[in-house]
Each structure stands twice: as C-alpha cells, then as structure tokens.
Amino acid sequence: MSIIREIQKELTVANQLPVFGAGDTVIVAYKIVEGSKERIQQFQGVVLQRRGNGATETFTVRKMSGNIGVERIFPVNSPFIDGITIVKRGAVRRARIFYFRERTGKSARIREKKKFTA
Amino acid sequence: MPGIIGRKIGMTSIYSAEGKSLPCTVIEAGPCVVTQIKTQDRDGYEAVQLGFGEKKEKNTPNALKGHFKKANTSPKAKLVEFKGFDQANLGDTVLVDIFEEGEFVDVVGTTKGKGFQGVVRRHGFGGVGQATHGQHNRLRAPGSIGACSYPARVFKGMRMAGQMGNKRRLASNLQVLKVIAEKNLVIIKGSIPGANGSTVTINK
C-alpha cells in the first residue's frame with residue numbers, strides 16, 4: 001500500500017480546504033467548463049460523509065431542491081473545486097449520517113456545534 | 001513485441017491535465033535481466049528470455065543455477081520470453097523506460113480465482129426467478145442443456161458450472177499514463193487482470 005500512498009502524494013495536488021466533516025453545512029464552489037467558457041456553480045447542502053483517502057477521497061453533499069433530495073459526490077482533491085465555505089458546523093455523533101436522508105421537516109435539523117476545534 | 005515483467009501494486013486514480021479523474025493501476029516493472037537469447041538457428045525462433053524478481057540461491061535447482069550463471073546474474077523468480085527485441089545481449093538490463101507516456105500497451109496477468117462457481121455467477125444466467133410454482137432446489141439451476149435423442153449428446157462449449165477465474169487473461173490497448181523510471185514504476189489507465197502482488201507482463 002505504501003507505494004500507492006507515495007504516488008498519490010506525488011501526483012495529486014491537494015486542495016487547500018477548511019476542515020469539514022459529516023453534519024456540516026457547506027457551499028461548494030465548483031468550476032464548470034462549457035465549451036471554452038468556465039463558470040462557477042455553487043452547491044449548498046449538508047455533508048453526509050467523507051470517504052477514502054488521498055487521490056480517491058470523496059465527500060457527499062445533500063440538499064433539498066424543492067421537495068426532491070439531491071446528492072452530489074465531489075472528489076476532495078478535484079481541480080474543479082474552487083473552494084468550500086462552511087455555513088454551519090453541525091453536531092452529529094456519526095461519521096456517516098445516512099439516517100439524515102429519511103428525515104424531513106422539523107426532524108431534519110442538525111444542532112449547531114457551539115465550540116469548534118479543528 | 002518487446003515487453004517487461006512486473007508486479008501489480010494496486011489501483012488508485014490520478015487527475016489528468018484537463019482535471020479528469022482517471023482510474024489507474026500501478027505496476028512495479030523491472031528491472032529485468034536478459035537470461036537467454038533464442039535464435040532461429042538454435043531454437044527455431046527468435047526470442048529473448050527476461051528474468052524478474054529475486055530468488056534464494058538455496059531454492060534454485062542446479063540446472064537453473066547454471067542457466068543464470070551464463071547470463072552472469074543472480075537467480076530470478078520469474079522467467080518470460082518476449083519477441084521483438086531488436087538488440088539484446090545476454091545479461092543486459094531491461095528497464096521501464098522502454099515505455100513512453102501516452103502509448104498503448106497490452107497487459108497479461110492471471111485473474112483472481114473464484115473457485116468452482118455455478119452458472120449464475122460464472123455465465124450470468126438468470127436462474128429460475130421464482131421460488132414457488134413447483135420450484136424446489138432449482139433456483140440457480142442451469143435449465144436444459146440440449147435436446148433429446150437427437151443429437152443425443154451435449155454440444156462442446158455448453159456453458160456449465162466449473163472453475164471460474166485463475167486463468168491467464170490479456171487486457172489490450174491500455175494507455176500508459178506515467179512512467180516513473182527512478183522507482184521502476186509504470187502507471188496504466190484502467191484495470192488489469194490479477195490480484196495485487198501478482199506477476200504481470202506488459203507488452204508493447
């Protein structure tokens with residue numbers, strides 16, 4: 001495994017992102033290339049999980065678009081990620097909050113973390 | 001075609017210049033030593049035998065010890081013949097730099113053994129599809145394997161249960177994404193046959 005780690009370190013340019021995890025509400029600024037033009041799209045939602053490591057690490061963001069839940073999976077070190085802004089630090093007990101998918105309305109709230117230490 | 005022997009390290013992904021995430025396999029390839037040169041006059045065909053990986057002297061039969069002594073190298077664990085090397089001398093070292101980034105190669109490996117498998121897993125048969133309506137112990141059965149008194153036999157090649165995997169397989173036209181010469185590594189786009197740590201050959 002160590003050779004794979006070395007290669008990932010060498011060949012992947014790590015994005016400088018703030019520390020975030022499951023339960024946090026984030027805005028992901030994602031570059032979209034249309035022909036020769038490039039624009040930035042924002043996707044705001046709750047982080048459900050982070051998984052993997054190195055070049056293959058990804059995170060899942062869920063938002064409600066009207067009545068329909070939309071989930072997007074972003075690679076953490078993707079060159080298309082322009083930046084991540086943290087809107088709210090959520091206090092959750094799990095690393096992967098898949099139970100959040102079944103929650104709607106009042107129960108789909110996540111308590112805010114009062115004190116945050118990275 | 002000239003080639004090299006290597007060991008599959010594992011898979012990861014790297015980002016291309018356009019920012020696309022490409023799945024890739026890392027192979028530790030070479031250094032290989034030319035252990036024998038087969039010629040038209042002597043052997044009836046032209047080929048070069050390469051050796052890869054170290055092997056203990058005490059585990060090497062005397063006949064092989066003599067074979068490696070001719071090439072003036074230590075005993076090698078794997079020996080594979082390749083065709084198409086233009087110039088090769090006994091004892092030469094073949095390195096990963098015979099490959100260029102961007103070119104297409106073929107990789108031969110032995111697939112992971114899956115053991116004795118039924119037709120559903122091995123050939124993708126659908127199975128019966130229902131558990132009631134008279135079915136008993138038939139859920140994953142193959143069904144009919146032929147007609148009756150004519151032809152009165154089962155045709156060759158009929159897909160049945162049996163050993164799955166652990167077979168030599170070739171993956172062709174895989175792109176070389178990167179060659180790291182100082183570490184003897186080559187990164188190939190996509191997947192290749194075999195488990196991590198298994199021996200593979202890369203052919204041009």
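Data block above holds the structure.
Report on the accompanying structure. What you see is a predicted model; the values in this text were computed from it and never measured.

Here we take up the side chain of K38 of chain B. Residues and elements named next belong to chain B. With respect to the helices, strands and loops of the structure, K38 is situated in strand β3 (residues 32-38). Given a relative accessible area of 14%, K38 falls into the buried group. At 3.0 Å, the side chain of K38 forms a polar contact with the side chain of E81.

Let us now look at the sheet that holds strand β4 (residues 47-54) of chain B. All names here are of chain B. Sheet architecture is open: 4 strands sit in the order β5-β4-β3-β6, paired in antiparallel fashion. The two strands at the open ends of the sheet, each matched to only one other strand, are β5 (76-82) and β6 (93-94). Sheet topology places β3 next to β4; 5 bridges connect them, and they run antiparallel. Residue pairing in the sheet places I37 in a bridge with V48 of β4. The sheet strands contacting helix α2 (residues 62-70) are β3, β4 and β5, and the helix crosses β5 at an angle near 65°.

Moving on, we come to unusual backbone geometry. All names here are of chain B. Along the chain, Y150 connects to P151 via a cis peptide bond; the corresponding omega equals 10°. Position of P151 among the secondary structure elements: in the loop between α3 (119-123) and β9 (162-164). Notably, A152 is not glycine yet its phi reads approximately 60°, a positive angle. Within the fold, A152 resides in the loop between α3 and β9. The exposure class of A152 is exposed, given its relative accessible area of 57%.

A few words now on the interface of chain A and chain B. Listed as interface residues are 15 residues of chain A and, on the opposing side, 15 residues of chain B. Surface buried jointly by chain A and chain B totals about 1300 Å² across both partners, of which 70% is contributed by carbon and sulfur atoms. Of all residues in chain A, the largest losses of buried area upon contact with chain B belong to I4, I7 and L11 of chain A, amounting jointly to 40% of the total for that side. Counting every contact that joins chain A to chain B gives 2 salt bridges. The partner of K183 of chain B in a salt bridge is E10 of chain A, with the nearest N and O atoms 2.5 Å apart. Counting the contacts that link chain A with chain B gives 3 residue pairs in polar contact (both at pLDDT 80 or more). Looking at side-chain class alone, the side of chain A that touches chain B contains 8 nonpolar, 5 polar and 2 charged residues.

This next bit is on the sheet that holds strand β12 (residues 199-203) of chain B. Judged by pairing direction, the barrel is antiparallel, and its 6 strands sit side by side in the order β1-β2-β11-β10-β7-β12 (chain B) before closing back on the first. With direction set aside, neighbouring strand axes in the sheet form an average angle of 50°. As paired elements, strand β7 (residues 104-110) of chain B and strand β10 (residues 168-180) of chain B share 6 bridges and run antiparallel to each other. Opposite G109 of chain B, over in β10 of chain B, you have R169 of chain B as the bridge partner. Contacting β1 (3-15), β2 (21-29), β10 and β11 (185-189) of chain B, helix α1 (residues 2-11) of chain A runs over the sheet at an angle of about 55° to β1 of chain B.

Residues spaced three or four apart along an α-helix face the same direction, because each turn holds 3.6 residues. Taken as a whole, α1 of chain A has its buried residues at I4, I7 and Q8 of chain A. One side of α1 of chain A holds all its buried residues, which, seen down the axis, span an arc of 100°. Of the exposed residues in α1 of chain A, those oriented more than 90 degrees away from the buried face are S2 and K9 of chain A. Residues of α1 of chain A that are buried in the fold lie against β1, β2 and β11 of chain B.

What follows deals with the packing of aromatic side chains. All names here are of chain A. Considering all chains together, one arrives at 6 aromatic pairs over all chains under this definition. Arranged with centres 4.9 Å apart and planes meeting at 75°, the rings of F20 and F59 form a pair that is edge-to-face. Of the two residues, F20 sits in the loop between α1 and β1 (25-34) while F59 sits in strand β3 (residues 58-65), which places them 39 residues apart along the sequence. Classification of F20 by relative accessible area gives buried; the value is 5%.

Here the focus is the pairing of β3 of chain A. Residue and element names in this part refer to chain A. Looking at chain direction, strand β2 (residues 37-51) and β3 are connected through 5 bridges and run antiparallel. The residue bridging R50 from the neighbouring strand is F59, located in β3. Joining the antiparallel neighbours β2 and β3 is a turn of 6 residues, in which G52 adopts a positive phi near 80°. Hairpin connection of β3 to strand β4 (residues 68-75): 2 residues between the antiparallel strands, including G66 at a positive phi of 70°.

Scoring rules and cut-offs
- Residues numbered from 1 in each chain as written.
- Chains lettered and ligands numbered in written order.
- Predicted model: local features only at pLDDT ≥ 70, side-chain atom pairs only at ≥ 80, totals over all residues.
- Heavy atoms only, no water.
- Helix = DSSP H or I, 4+ residues; strand = E, 2+ residues; numbered from the N terminus.
- Buried < 20%, exposed > 50% of the residue type's maximum accessible area, 1.4 Å probe, protein only.
- Polar contact = N/O pair within 3.5 Å; in protein donor to acceptor, adjacent residues only side chain to side chain.
- Pairing = 2+ DSSP bridges.
- Contact = heavy atoms within 4.5 Å.
- Axes fitted to C-alpha atoms, helices over the stretch in contact; angles between N-to-C directions.
- Buried area = accessible area lost by both parts, 1.4 Å probe.
- Salt bridge = Lys/Arg side-chain N within 4 Å of Asp/Glu carboxyl O.
- Nonpolar A, V, L, I, M, F, W, Y, C, P; charged D, E, K, R; others polar.
- Arc of directions from axis to C-beta.
- Phe/Tyr/Trp six-rings, centres within 6.5 Å; stacked < 30°, edge-to-face > 60°.

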